[in-house]
Amino acid sequence: QVQLVESGGGLVQPGGSLTLSCAASGTIFSIYNMAWYRQAPGNQRELVAVVTSGGITNYVESGKGRFTISRDNAKKMVFLQMNSLKPEDTAVYYCFANIRTLRGIRDDYWGQGTQVTVSS
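What you are looking at is a predicted structure, and each value in this text was computed from that prediction instead of being measured. (Residues numbered from 1 in each chain as written. Predicted model: local features only at pLDDT ≥ 70, side-chain atom pairs only at ≥ 80, totals over all residues. Heavy atoms only, no water.)

Caption draft 1: Geometry of the state of the cysteines. Tallied over the entire structure, the rule returns 1 disulfide. Paired by a disulfide, Cys22 and Cys95 hold their sulfur atoms 2.1 Å apart. As the torsion about the S-S bond is roughly -80°, the Cys22-Cys95 disulfide counts as left-handed. Of this pair, Cys22 sits in strand β3 (residues 18-26) while Cys95 is found in strand β9 (residues 91-101), placing the two residues 73 residues apart along the sequence. Since its relative accessible area comes to 0%, Cys22 is described here as buried. (Disulfide = S-S within 2.5 Å. Helix = DSSP H or I, 4+ residues; strand = E, 2+ residues; numbered from the N terminus. Buried < 20%, exposed > 50% of the residue type's maximum accessible area, 1.4 Å probe, protein only.)

Right, dumping it as structure tokens:
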């Protein structure tokens, strides 16, 4: 059984910063891509940032230069540092990981989501 647990969301003023964290736990053999997605009301879930097991990163266009994704493989964690936040960044942010379990099964896993609200 695998779980992803996010933390770090909240209310922040425009121009502010937040760091989201996500910890994976359970019967994990290996973690491949880790990522952050977000979903605003009325919108589809979109990829915000992804980091491969080798540390290669990619970002949604609107996040380039403002967001930084990183991971700690030893701690099985992924982080999203968000700077210069804008009201349009308001959404529920979800942690994602592609994981192979100790049983050899590789699958996608999601966290429960954490709310980020950017408002004055």
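Caption draft 2: Seen up close, the pattern of salt bridges. Counted under the stated rule, the structure contains 4 salt bridges. Taking the shortest distance from any N to any O, the salt bridge between Lys64 and Glu61 comes out at 3.1 Å. Lys64 sits in the partly exposed class, given a relative accessible area of 44%. Residue Asp89 is joined to Arg66 by a salt bridge in which the shortest nitrogen-to-oxygen separation is 2.8 Å. With a gap of 23 residues between them, Asp89 in the loop between β8 (77-82) and β9 and Arg66 in the loop between β6 (57-59) and β7 (67-72) connect regions that are remote in the sequence. For Asp89, a relative accessible area of 1% translates into the label buried. On the basis of relative accessible area, Arg66 is assigned to the buried category, the value being 10%. (Salt bridge = Lys/Arg side-chain N within 4 Å of Asp/Glu carboxyl O.)

Caption draft 3: Broad picture of the sheet that holds β8. If you walk across this open sheet you meet the 4 strands as β1-β3-β8-β7, and the pairing is antiparallel. Here the strands that pair on one side only, and so sit at the sheet edges, are β1 (2-7) and β7. When the angles between neighbouring strand axes are averaged without regard to direction, this sheet yields 15°. (Pairing = 2+ DSSP bridges. Axes fitted to C-alpha atoms, helices over the stretch in contact; angles between N-to-C directions.)

Caption draft 4: Quick look at the pairing of β1. Of the two faces of β1, only one is covered, namely that formed by Val2, Leu4 and Glu6; the face formed by Gln3, Val5 and Ser7 stays uncovered. Of the pairings in the sheet, the one linking β1 to β3 comprises 6 bridges and is antiparallel in character. Directly across from Glu6, in β3, lies its bridge partner Cys22.

Caption draft 5: Representation of the side chain of Asn98 within the structure. With respect to the element layout, Asn98 can be found in strand β9. Side chain to side chain, Asn98 and Arg106 meet in a polar contact 2.5 Å long. (Polar contact = N/O pair within 3.5 Å; in protein donor to acceptor, adjacent residues only side chain to side chain.)

Caption draft 6: Main features of the packing of aromatic side chains. Applying the stated criterion across every chain yields a total of 3 aromatic pairs. An angle of 65° between the planes, with centres 5.8 Å apart, marks the rings of Tyr37 and Phe96 as edge-to-face. Of the two residues, Tyr37 sits in strand β4 (residues 28-39) while Phe96 sits in strand β9, which places them 59 residues apart along the sequence. When its relative accessible area of 10% is taken as the criterion, Phe96 is described as buried. Ring geometry for Phe96 versus Trp110: centroids 5.1 Å apart, planes at 65°, classification edge-to-face. (Phe/Tyr/Trp six-rings, centres within 6.5 Å; stacked < 30°, edge-to-face > 60°.)

Caption draft 7: Up close: the environment of Asp89. C-alpha of Asp89 to C-alpha of Ser62: the two residues are 27 residues apart in sequence and 9.1 Å apart in space. Among all residues touching Asp89, those that are not within four sequence positions of it are Arg38, Arg66, Phe67, Ser84, Val116 and Val118. Reaching out from Asp89, the side chain makes a polar contact with the backbone nitrogen of Lys86 at a distance of 2.8 Å. (Contact = heavy atoms within 4.5 Å.)

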